[in-house]
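# Secondary and tertiary structure notes
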Amino acid sequence: MRYLLRITIILLTVVVMGLTLSNFVSAESYTITDLGALGEGYSAAYGINNSGEVVGSSSISMMDSHAFLYSGGVMTDLGTLGGTFSEAKDINDSGQVVGVSQTSSGEQHAFSYSGGVMTDLGTLPGGWESSAHGINNSGQVVGGAITSSGYTHPFIYSGGVMTDLGTLSGSWGSYANGINNSGQVVGTVFIPFTSSYGYDHAFLYSGGVMTDLGTLGGLWSIANSINDSGQVVGWSSAYSGDSHAFLYSGGVMTDLNDLLPAGSGWVLQSAIDINNFGQITGYGLINGSQHAFLYSGGVIQDLNSLIPAGSGWELTEAQDISNLGQIVGSGMINGQQRAFLMTPVSTQYTLTVTKADTGSGTVTSSPVGIDCGADCSEAYNSGTVITLTPTPDASSYFAGWSGDPDCLDGSVTMDVDKTCTALFTLNAYNLNITINPSAGGTVTAPGINCPGDCTESYNYNTPVPLTATPNTGYTFNNWTNCDSPSGNQCTMTMNSDKTVTANFTSTSIQYTLAIAKSGEGSVTVNSSPSGINCGADCQEAYNSNTVITLTVTPEAGTIFTGWAGDADCSDGVVTVDVTKTCW
């Protein structure tokens, strides 16, 4: 059977399927915009990108209609390829538009429109008509084109070349309806049962292979759209012969009607589009009347119930839904069919950031809105995930989050008003005290009583007052490494680890005790109080009448035989009342 390319304009409804809605929260209501018309008559919207630009067709006279682009509140006539008719079917995020237009010779050709210029994409070799139905963000275009044999084949157009994707074995023809950003293509292929009769089956073309997706038990199926996760939507006849919307995912075709609660009143007839959050657009019957609907997580909503009451709209079809949840289609208002744009109105919740503990710092957010510092509160749309970034000042460190339990990892999902508290703690530094000589006196400060307790930790920039007190027989001399000395007072500013020394001078008469060694062996002599380590340090000056105990440690093979020298040395306990030498 030879037949011309079929260009099917299906009136849709919006459906949101909550199968992969990990980052999307459906809106409770929508605004609706009448996109107007190029002339006096109808308009219909078929595609929308993630910038909110809309494409479709609109009448310019009683007989003719042209493709339009709606952007920035203005509807622009895209013209034709020389004929009287054109229709825009899809638009990518770069603003490239594709569709079909009549040429000056009366044929219908696929077109692309970019930068104000409509370009004829031509046909397959030997063919005479084509139509473009989808475009991805790489600029790959898909649709259907008549071949030299007179049958319609799906094509992909890329880099200026239209390539025939072929058909399934034994089939007569097919066409492509959608393409995702991975280059996977969906559409319908005609499966013959006799020499002149057959049925359409949905197909998926991936990795160079075309796969029949089957049906819901009936004879027919058509795939309309595929998202970047490879989920496919369309319609199929069921066992009953009725048209039912389907979702194909993971190798399984599911009747969306099987996911509806009992008694919903709906028959979902066709799923037209699916976005990257698993939201599906389509149309169906509710209590026998065709309505646009939104389906999400098992809940179906009539789009007419989501727009402002008294708007005057009757929404019967929804054609496309963006990743931002904007919906386009057509409906009736004031007795005319007009293209519409629905924009979700999200509930907003307030995120408040506070700061606590001994330190200081700032907190910023992504998405932007909080810069705390000064701006510590912001309202965000429901479902928005906020990442909070704490930055401590040089004096502090970030010690963690408190507040709402959702704040603990710094990633906050806005589903209610929430308060997060950033804990900034002052850096702490150690102050160490030394006394020279060790018997010379004491040093006191908050937390320090040296000797004994000579180290303490203090918060950043804490001023620590030190007081040096000489022992009997000593006077205070000076400080070493003091930040701010004043006599026997010293103030240390704790902005790093520090050591300070209090220096004392003896006021007593001193005598020298010297150690000499004789004989063939080797020994080490130490003193208590300290001062002699002989070894190397074999004499020390001590205050008059200081009693010194000398300890001898022989090395291996040596025997200590006793003391000689001053008569007071004989037992190793020496009273330094004059200069003395022991050996």
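What counts and what doesn't
- Residues numbered from 1 in each chain as written.
- Predicted model: local features only at pLDDT ≥ 70, side-chain atom pairs only at ≥ 80, totals over all residues.
- Heavy atoms only, no water.
- Helix = DSSP H or I, 4+ residues; strand = E, 2+ residues; numbered from the N terminus.
- Rg over C-alpha atoms; globule rule 2.2 N^0.38 Å.
- Areas by Shrake-Rupley, 256 points an atom, 1.4 Å probe, with all protein chains shown as cover.
- Lys, Arg positive; Asp, Glu negative; His and termini not counted.
- Charge placed at Lys NZ, Arg CZ, Asp CG, Glu CD.
- Pairing = 2+ DSSP bridges.
- Axes fitted to C-alpha atoms, helices over the stretch in contact; angles between N-to-C directions.
- Phe/Tyr/Trp six-rings, centres within 6.5 Å; stacked < 30°, edge-to-face > 60°.
- Buried < 20%, exposed > 50% of the residue type's maximum accessible area, 1.4 Å probe, protein only.
- Contact = heavy atoms within 4.5 Å.
- Salt bridge = Lys/Arg side-chain N within 4 Å of Asp/Glu carboxyl O.

## Side note on the overall build of the protein chain
Across its full length, the protein chain carries 0 helices and 52 strands. Taking 583 residues into account, the globule formula puts the C-alpha radius of gyration at 25 Å, and the protein chain, at 44 Å, lies well above it. Each principal axis of the C-alpha distribution contributes one length, and for the protein chain these read about 135 × 60 × 50 Å. Here the protein chain has roughly 24800 Å² of accessible surface; of this, 49% comes from carbon and sulfur atoms. Distance between charge centres in the protein chain, computed from 9 positive and 46 negative side chains, equals 5 Å.

## Brief notes about the sheet that holds strand β10 (residues 130-135)
The strand order across the open sheet built from 4 strands is β10-β11-β12-β13, with neighbouring strands paired in antiparallel fashion. Since the sheet does not close on itself, it has two edges, and those belong to β10 and β13 (161-164), each with one partner. Ignoring which end each strand starts from, the neighbouring axes of this sheet average 30 degrees apart. Across 4 bridges, the pairing between strand β12 (residues 152-158) and β13 is antiparallel.

## Thoughts on the packing of aromatic side chains
In total, this model carries 10 aromatic pairs according to the counting rule given. When the centroid spacing of 5.2 Å and the interplanar angle of 65 degrees are considered together, the rings of Trp-266 and Phe-293 count as edge-to-face. Pair noted here: Trp-266 is in strand β22 (residues 266-274) and Phe-293 is in strand β24 (residues 289-296), with a separation of 27 residues, a long-range link. Summarising the burial analysis for this pair, Trp-266 and Phe-293 share the class buried. With a centroid separation of 5.6 Å and 70 degrees between ring planes, the pair formed by Phe-560 and Trp-563 is classed as edge-to-face. For Phe-560, a relative accessible area of 33% translates into the label partly exposed.

## Quick word on the environment of Gly-178
One can find Gly-178 in strand β14 (residues 173-179). C-alpha separation for the pair Gly-178 and Pro-367, spaced 189 residues apart in sequence, amounts to 32 Å. If we skip the residues at most four places from it in the chain, Gly-178 touches Val-142, Gln-184, Val-185, Val-186, Asn-224 and Ile-226.

## Observations regarding the pattern of salt bridges
For the structure shown, the criterion picks out 7 salt bridges. Among the salt bridges present, the one from Lys-418 reaches Asp-415, with a minimum N-O distance of 3.0 Å. What makes Lys-418 buried here is its relative accessible area of 7%. Between Lys-580 and Asp-568 there is a salt bridge, and its shortest N-O distance comes to 2.9 Å. Placement of Lys-580 in strand β52 (residues 580-582) and of Asp-568 in the loop between β50 (546-554) and β51 (573-576) is noted, with a sequence separation of 12 residues between them. Through salt bridges that share partners, Asp-406, Asp-415 and Lys-418 make up one connected network.

## A few points about the sheet that holds strand β26 (residues 313-321)
Pairing within the open sheet is antiparallel, and its 4 strands lie in the order β1-β28-β27-β26. Lying at the two open borders of the sheet, with one neighbouring strand each, are β1 (29-34) and β26. Between one strand and the next, the sheet's axes are offset by a mean angle of 35 degrees, whatever the strand orientation.

## Re the pairing of β26
For β26, the tally of buried residues reaches 8 of 9 residues, placing the bulk of the element in the interior. Relative to strand β27 (residues 327-333), β26 runs antiparallel, the two sharing 7 bridges. From the neighbouring strand, Glu-314 faces β27, where its bridge partner is Met-332. In this structure, the hairpin formed by β26 and β27 is closed by a connection of 5 residues, where Gly-325 is found at a positive phi of approximately 85 degrees.

## Describing unusual backbone geometry
In this model, Asn-436 is joined to Pro-437 through a cis peptide bond whose omega is -10 degrees. Mapped onto the secondary structure, Pro-437 falls in the loop between β37 (428-436) and β38 (441-445). Positive phi, close to 50 degrees, is recorded for Asn-287, a residue that is not glycine. By secondary structure assignment, the location of Asn-287 is in the loop between β23 (280-286) and β24. At Asn-334, a residue that is not glycine, the phi angle is positive and equals roughly 55 degrees. Looking at where Asn-334 falls in the secondary structure, it is placed in the loop between β27 and β28 (336-345).

Just distances and angles here, no functional claims.
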